[in-house]
Amino acid sequence: MIAKISSGKDTGGLIRYLFDTKKAKDHTDPHLVASWDGFAPDPGRADDFDAAKRLLVADLDLHVKQARQHGRAPEKHVWHCSIRAATTDRHLSDEEWADIARRVVAATGIAPDGDPDGCRWVAVRHAPDHIHIAATKVRGDLRSARHWNDYLTADRELAAIEKEYGLQQVVRGDRTAAKRPTRAEQEKARRHGRQKTSRERLRTTVRQLVSVAASPEEFLHLLDGVDGVRVDVQRFPSGDVRGYKVAVEGDTNAAGQPIWFSGTQLAPDLSFPKIAERLAYIDTPPAIGAGSRRRPNPWHQATAAAERIPDHLDRSDDTVAQAHIAAFAEALDVLPLIAPDHLRAQLQQAALSFERASRSRIRAQQDQARALRSAVRALRTTPVTGDGSGLAMFLDIAVLVVTATVRWHQTRRHDQQVAAAHQTLIHLQAAYEHAAPQPLAALAQRTPPARTMERHVQHVRAVLPDHADQVLDDPAWPALAAALAQAETADHDPRQLLQHAADQRALDDARSTARTLTWRIQRLSQRHAPSDGARAAQARTAAIARPGQPADPALSRSHQPAAAAARPRHR
C-alpha cells in the first residue's frame, strides 16, 4: 500500500472532489467507510446530496472556525491522505478499509487512539482499490494536530497492515531518493516534445560534471560552461560559495522568470557542501617524468580500484562501504560521456538506475575512495578507442560490483536500493554483451600455435582444476590463450598470472569464466614482469611456507591451489 499526504486550505473543495462522479472517471461509487465518530453525514448515501455535503463540510470545519475566533487556526487546515492498494491485491471490504483508515489517523497523530479531542476526519471510498482520508487539523481542545513525520508514520503502519492482511509488501524507501518530477513538470515536458523534465535533465548534467570535476571550483567552472543551462552561484559575505542553482535555458514560469532548481532539489547528494566534501579527496595524478617508461593505463587503474569494492563491502565499516558505492556511481556517470555511441543508451540507463542505489541513510566516509575517484577523473581524457578492451574489462568488474552492492543493501533492508541495483545489472550486462565481442575476437585472431595452446591447457588444468573444463569449453578460450601467450612473451609466468587472476575474484560469480580470466590476465600482464631475483625470493618464501614439500621451481613461481581455496568466496 502506498500513502500520499498533502495539506490544503479548502475543506469544501476537497469534499467536492472526493464525491464527484462526473470529472473523475474512477469515482464510481463514492461513500464514507469511516469517520471520527461513526455518525458523519454521507453525501454518497443521502437523498439530498448537496445538503449532506454542506453539513459534512460544516462538521469537519467546526473546530477550525472556533480556533479562528481565537486566532489559532493554521492557514492550511486540511489534511488529505490517499491510500492505494497494489493492483495485485484482493479487493478489500468497506469494513477493512475502515480499519485501515482508523489505524492510519491514529498512527499519524491526527486522531490518536483513546484521545477524545482528536481531529475530525472521514474516509471516502470511491473506487475499489483506494480510499481518501480528509481531516481538519484542529483538535477538539482547539490546538493544532501533532502530525510531524506523518508520511513516515503512515508508511510504517501500512507496512504492518500489509503483513497482517496478506497484501503485497511494497518496496519502501528511506527518504534518500531524489525528488520525482511533479505531474505539472511531466505535462510541460510532454507539451514541448521532451522525453525528460528540466529537473531530470539538470540532475543528470550535474551528476556527470561531479564525476569528472577534480575540485569544487572546477565543478562550478564546468557547470557554467554547459550549453542551455543557466547557473546562479550564491556566496557568503566572505566570498565563499554557499550554494548554487540551475535552470534550463528557456524554461520559465508564468511570469517569464527562470525555473530554478537548487542542488538539494535535484538530489540529496547534489547540494554544494556535499559535492565539495566528495571532491575534497581527489588525488592529482603525479606528473610523468622524463625517466618514466610508460603512462599508467587509466582503464586498468579504474578496474583495479573497482575490483576492490566487493571486499570493502564485505569487510569494511558501513561508512567506508557507502563511500565506495558512491564513488562507483561516479564511475558509471562518466561512462556515457566517453563510450561509443552504440553503448551510450544502456550505460546511461545503468547510471540513472544506480543513482538510487548509491545513497542510503548511512553517511559515507568520503576520504576512503580516493583511488577510484582519481582513476575516474583520468578516464575523462581517455575515450574508448581501438578494440574497446578497456571498457569491456571495466564493465566485467562493474557487474561484480553491482552484484555485491545488491547483497550489501539486502542485508541492511534497503529495499529501494536493492531494486535499483537489480535494474542496473540488467543494463550493465546488456552493455557488456555488446562491448565484449570485438576485443575478444581481436585477441582470438592472435591464437598461439597448437604446441603453445596445449601448454596453456595444462596450466589451466593445474591451477584451476575445479574450473578447467568450464574454461576450456568456453567460446572465449582462444582469447584467453592468446592473452596468456602475450603475457608469456612479456616474460610473465602464465601459471602465476592464472593463479593471481583466480585469487582476486571468485570465479563462481562469473558469467563466463574464460572472459573474466582474459580481462584479468590482460591487466596483470601490463605490470613489469618479476626479475629472476624476485622469482627466487618467491620460491624461497613458498618453500618456507610449505616445509616438507619439494621446491618445484615451476610451482614456486605460482601460488599453490590451496591459496585459492582459502580465499573468501565473495569479494
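Residues numbered from 1 in each chain as written. Predicted model: local features only at pLDDT ≥ 70, side-chain atom pairs only at ≥ 80, totals over all residues. Heavy atoms only, no water.

Digging into the overall build of the chain
- Secondary structure summary: the chain contains 26 helices and eight strands in total.
- Scored against the burial criterion, the 571 residues of the chain give a buried share of 51%.
- Contacts spanning at least 24 positions in sequence make up 72% of the contacts within the chain whose residues lie at least 6 apart. (Helix = DSSP H or I, 4+ residues; strand = E, 2+ residues; numbered from the N terminus. Buried < 20%, exposed > 50% of the residue type's maximum accessible area, 1.4 Å probe, protein only. Contact = heavy atoms within 4.5 Å.)

Overview of helix 18 (residues 437-444)
- Of all the residues in helix 18, the buried ones are Pro439, Leu440, Ala442 and Leu443. Projected onto a plane normal to the axis of helix 18, the buried residues spread over an arc of 160° and lie on a single side.
- Looking at the buried residues of helix 18, the elements they touch are helix 16 (389-411), helix 17 (415-435), helix 21 (477-489) and helix 23 (513-524). (Arc of directions from axis to C-beta.)

Re the pattern of salt bridges
- Taken as a whole, this structure holds 34 salt bridges when the rule is applied.
- The partner of Arg143 in a salt bridge is Asp141, with the nearest N and O atoms 3.0 Å apart.
- The class of Asp141 is partly exposed, set by a relative accessible area of 27%.
- Glu277 serves as the salt-bridge partner of Arg363, at 3.4 Å between the closest nitrogen and oxygen. Remark: Glu277 occurs in helix 10 (residues 272-279) and Arg363 occurs in the loop between helix 14 (341-357) and helix 15 (370-379); sequence separation between them is 86 residues.
- Assessed through its relative accessible area of 57%, Arg363 is described here as exposed.
- Overall, Glu277 belongs to the partly exposed group, its relative accessible area being 24%. (Salt bridge = Lys/Arg side-chain N within 4 Å of Asp/Glu carboxyl O.)

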